[in-house]
Structure formats: C-alpha cells, structure tokens
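One letter stands for each residue in the lines below.
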Amino acid sequence: MSLRTIHLPVLCVSLSLAALALAADEAVDFETIDESIDTRKALMEDVGAAAKPVGLMLRGERDYDWTVALESLRTWQDVGGEFGKHFPEGSESGSGTEAAPAIWEDREGFEAALTEWSEATSSAIAAAPATLDEARPVLGAVFNTCKDCHDGYRIETD
Amino acid sequence: MGGWIRLLLALVVIAAAAGWWLTRPVTLGPEDLPDYTPDAIAGERQFWAGGCASCHASPVDGKRARGDDKLRLGGGLELETPYGVFRVPNVSPHPDDGIGGWSMLDFVNAMQRGVAPGGKHYYPSFPYTSYAKIPVRDVMDLKAYIDTLPAVAGRIDEHSLGFPWSVRRGLGLWKLRYLDTERFAGPGDAHDPVARGRLLVEGAGHCGECHTPRDRFGGMDRSRWLAGGPDPEGKGRVPNITPAGENLADWSASDIAYYLESGFTPEFDTVGGTMVAVQENMARLDKADRDAIAAYLKAIPPVE
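A quick note: this is a predicted structure, and the numbers were derived from the prediction, not measured.

1. Topic: the domain arrangement of chain B
Residue and element names in this part refer to chain B. Each domain of chain B was delimited in the assignment, giving domain 1 (29-183) and domain 2 (188-304). Across the contact, 26 residues belong to domain 1 and 24 residues belong to domain 2. Here domain 1 packs against domain 2, burying approximately 2,200 Å² in sum over the two surfaces, 51% of which is carbon and sulfur. Along the contact surface separating domain 1 from domain 2 lie four salt bridges. In this structure, the salt-bridge partner of Asp215 is Arg177, at a minimum N-O distance of 3.7 Å. Where domain 1 meets domain 2, there are 10 residue pairs in polar contact (both at pLDDT 80 or more). For the side of domain 1 that touches domain 2, the secondary-structure elements that each account for two or more residues are α2 (40-50), β1 (78-81), α5 (128-131) and α7 (171-178). For the side of domain 1 that touches domain 2, the element with the highest residue contribution is α2, accounting for five residues.

2. Concerning empty space enclosed by the protein
Over the atoms a probe the size of a water molecule is rolled, and this reveals where empty space is left. Residue and element names in this part refer to chain B. Tallying each qualifying case throughout the model produces one cavity of 30 Å³ or more. Counting residues per element, the lining of the largest cavity draws most heavily on helix α6 (residues 136-146), which supplies three residues. Split by residue class, the lining of the largest cavity holds seven nonpolar, two polar and one charged.

3. So, the pattern of salt bridges
Across all of its chains, the model carries 23 salt bridges over all chains by this definition. For A:Lys85, the salt bridge is made with A:Glu82, and the minimal N-O distance between the two is 3.8 Å. Note that B:Glu158 and B:Arg168 form a salt bridge whose closest N and O atoms lie 3.1 Å from each other. In this pair, B:Glu158 is assigned in the loop between α6 and β3 (160-161) and B:Arg168 in the loop between β3 and α7, connecting sequence segments 10 residues apart. B:Arg168 sits in the buried class, given a relative accessible area of 17%. Through salt bridges with shared partners, a single network forms among A:Asp148, A:Asp151, B:Arg64, B:Arg66, B:Lys70 and B:Glu280.

4. Some points on the interface of chain B and chain A
Taken together, the contact pairs 21 residues of chain B with 19 residues of chain A. Of the roughly 1,500 Å² buried where chain B meets chain A, counting both sides, 49% is carbon and sulfur surface. Along the contact surface separating chain B from chain A lie seven salt bridges. The shortest N-O distance in the salt bridge between B:Glu267 and A:Lys52 comes to 3.1 Å. One can count 10 residue pairs in polar contact (both at pLDDT 80 or more) joining chain B with chain A. Where the side of chain B that touches chain A is concerned, the elements lending two or more residues are α10 (253-262) and α11 (275-282) of chain B. Looking at the side of chain B that touches chain A element by element, the count peaks at four residues for α10(B). Per-class residue counts for the side of chain B that touches chain A are six nonpolar, eight polar and seven charged.

5. As for the pairing of strand β2 (residues 84-87) of chain B
Strand residues, when the strand is regular, have side chains that alternate between the two faces of the sheet. All names here are of chain B. Note that β1 and β2 share four bridges and pair antiparallel. Bridged to Glu78 within β2 is Arg87. Turn length for the β1-β2 hairpin, with the two strands adjacent in sequence and antiparallel, is two residues. Across two bridges, the pairing between β2 and β3 is antiparallel. Note on β3: the bridge partner recorded for Val85 is Ser160.

The rules we used
- Residues numbered from 1 in each chain as written.
- Chains lettered and ligands numbered in written order.
- Predicted model: local features only at pLDDT ≥ 70, side-chain atom pairs only at ≥ 80, totals over all residues.
- Heavy atoms only, no water.
- Domains from an automatic or database assignment.
- Contact = heavy atoms within 4.5 Å.
- Buried area = accessible area lost by both parts, 1.4 Å probe.
- Salt bridge = Lys/Arg side-chain N within 4 Å of Asp/Glu carboxyl O.
- Polar contact = N/O pair within 3.5 Å; in protein donor to acceptor, adjacent residues only side chain to side chain.
- Helix = DSSP H or I, 4+ residues; strand = E, 2+ residues; numbered from the N terminus.
- 1 Å grid on protein atoms, 1.4 Å probe; cavity = no way out; pocket = protein on both sides within 12 Å on 5 of 7 lines; lining within 4 Å.
- Points joined across faces, edges and corners; volume = space filled by probe spheres on them.
- Nonpolar A, V, L, I, M, F, W, Y, C, P; charged D, E, K, R; others polar.
- Buried < 20%, exposed > 50% of the residue type's maximum accessible area, 1.4 Å probe, protein only.
- Pairing = 2+ DSSP bridges.

Listed below in structure tokens is the structure:
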C-alpha cells in the first residue's frame, strides 16, 4: 500500500491523534535524560521526607496525628502517579541514579510495584484510621510497598 | 650420586606426606556430641538467626524466595565471586538429593568443621568459620528443625572455580589458619544482652562474613572486626557496623533493633541489597534477640 492510497481524512485524523498523544506526554517526552534522573530523585526525596513523621508514629516515638499522616499519604499519592514517568530509555545510569536495570528489563513488574504502592496509599486514605492501633496495619501496608519496590528495583550505591 | 637422588626422593615423599597430613579433614567424633534430645522449636530460632534460607532456599522464577518458599531448601543459588561461581547445595531433608540421610554427627561436622560426610572439605562460602562458634546443642536443635521442612528433589552442580581454588584438599591449610574451633561458652548469664548478642552476631548470624573485610587468602581480618569492606559478591561496599561506622555512629541501640525488626532506618529509608533477606530473618527472632544484637554492636570497639 502506498501513501497515495490513504484517504486524506484518515491521515488527518491519525496525525491529530498523534499530536494529542504527544501533547499529553509533553512534559515527560521533552525532559532530557539528566532532567529525568534529577526529577525522579527529587520526587523520592519528597517521599522520604513524608515517611519520617509517619514512621515515627508507627515506631511509637511521636503521637499519632491523622492530619499529619494524611498529608504524607497525599504526597505519596501525588508522587505515585508521577514517579514512573521519569524512567525513559537511556536513563539507566549516570547522575548518581539508584535505579536498578530491572526497571527496564521488567517494566511490567516495576509498574505493578508502583500500583501496589498507590493502592495501599489510597486504601489508607479511605480508611482514615482514628487511632494508632487502627493505623498500624494500613500504614504498615504502605511502608511494606516501599520495601518491596526497593528490594527489586533499587540498587545500592557507595 | 645415587645417594643424592635417594635423599631427594625421600625429601619429596616426606614433603608430600606432610602436605597430605596438614590438609587432612579434622572432624569431631561421636564422643564429642552431648547426650541431648534436640528441640526442633528451639532450632527454628537458629534457622532464622543463621540465615540458612538466604542461600539455601531455592530461587523462585529467578528471584529470591519469599514467605513459605524460604523453607524449601533445594539450593541452586549461584554466588559469583572473584574465585569463581559457587553453587549453593540442596540441604533440604530429601534422602538422596539433600541431607535427609545424614547423621547428627555428619551435620555437626559440616556446620562446625566444614567437612562433608566422606571427608571432603567445604569451601568457606559456607560460613562454618562462624558456625563453629555455636554451642553444639543449638546446632543439634537446628538439624531437628531442618528435618521438619519439606524434602526438595534435585541435585545441584558442583562449583566452578579457577585454579588453585579448585583444589579442595588445599582448604585444609586454609582451615589451619582461619578456622578457630573454640566454641563460646555461651551467655552464662542469659540476662547479659551483650553476651547473648555476641553469640548471635559472631556465631549463627555470621555477620562478620560480610561486614569484616577479608585478607588476600580470603580469611576474615579480625583486626578490622565488623569494620566493613568491599562486597564479596562484586560491586559496592559493605558498611562498617562498628560504633565508628558512618551508618551506625548516630544510631541508638533501639534504632538498630528497630531496623532489624522493620527494615527501616532512623530516617525511614528502607533496608537494601543482600541485607533485605538478612533483615527478614532477624524480624523472625524474639525482640530480646534483636535488642541483644544491638547491645553487642554498641559494645564492640570502634574501628575507623
């Protein structure tokens, strides 16, 4: 089939759809490799900063406070939807990344791990636990998704 | 002239005999086992403290075993090291492919003298230099526990090592230098957490096998006990866990115990790398054991 045989309207619609798709992903597509790595590192810094107050509550070293926990959960919800977009081909190494090759070798597994994190976060928000005893299982479940993903998809650097 | 040759031949024969004698496997005999009925429930604690599953549990779909799969000790993990590839054997109680046919004495000799039934030396990738420190009753308990686990079929291939490491008999010399068979008396006072922690860290936990640097013959450099060093499995470094180590210097004993229980650092970053499996094992111990490990790590000499 040659290009001449394609109907003009079909071509127009296809091109428009392609343009729309590009526009939707624009922010990510036009990120340089270094920017991708910097962005995902900054996002994970936010995740870590949000983990500390909740972790202290789980450890019993800080009074349980749902509003503080909720703020952390919202941070994780936002980052959870965004984080996976910053691992383009070519960003496997450099700029001090701790991303494991498994992210590119097993993209589905990586995406599934991120989904588990988001789901556990959403469940915790929906549960809105009133006491530490109620919060332990739901917040603990979120923390476990951190470990599970780091176990397979993060490498240890010096 | 003929006399010189005879003398030379005699010296060669004497040297060979001495070499053979020096590299012989040294084992315990039946008289070395106490009259003791092993306790499988107590053995489970040794199993997790000893990290048996971290090497011997068969990988599942190429990934490390999790949950109950940690109890399937069919082996098969490959450790890539500068000496070559070590293949972890089947130690499930399978009668033919595992250790189901072993006597108690066979098991104790493997764990504490690094000698297989029949007299072959084991390579120290199996950390018997640490396990040699465990009180013998605890080792007997461990066998009783392993005997309750699933029998897994399948023999694992031999290691693939380069020369001269491939000469197993030579390990006899290595052991003369590095295998200290004096057991700890054990915590005489069970309430002394440092003594209890020492037994767990230096014995079953075999923490020094990674966290203590090795010298050029692959033995632990005990002058730098737990001071960290290059990762024996390749890239990266294993952290210094003495009180001077940059990771642990600011951690309290309760931070260390919490890390071993939960896998979270005081900053709530997660445990990583090969330590993940270790932490999961430590999480199965009693809190008193984790507190004891922490107390011991706080008590050892700081090494910069």
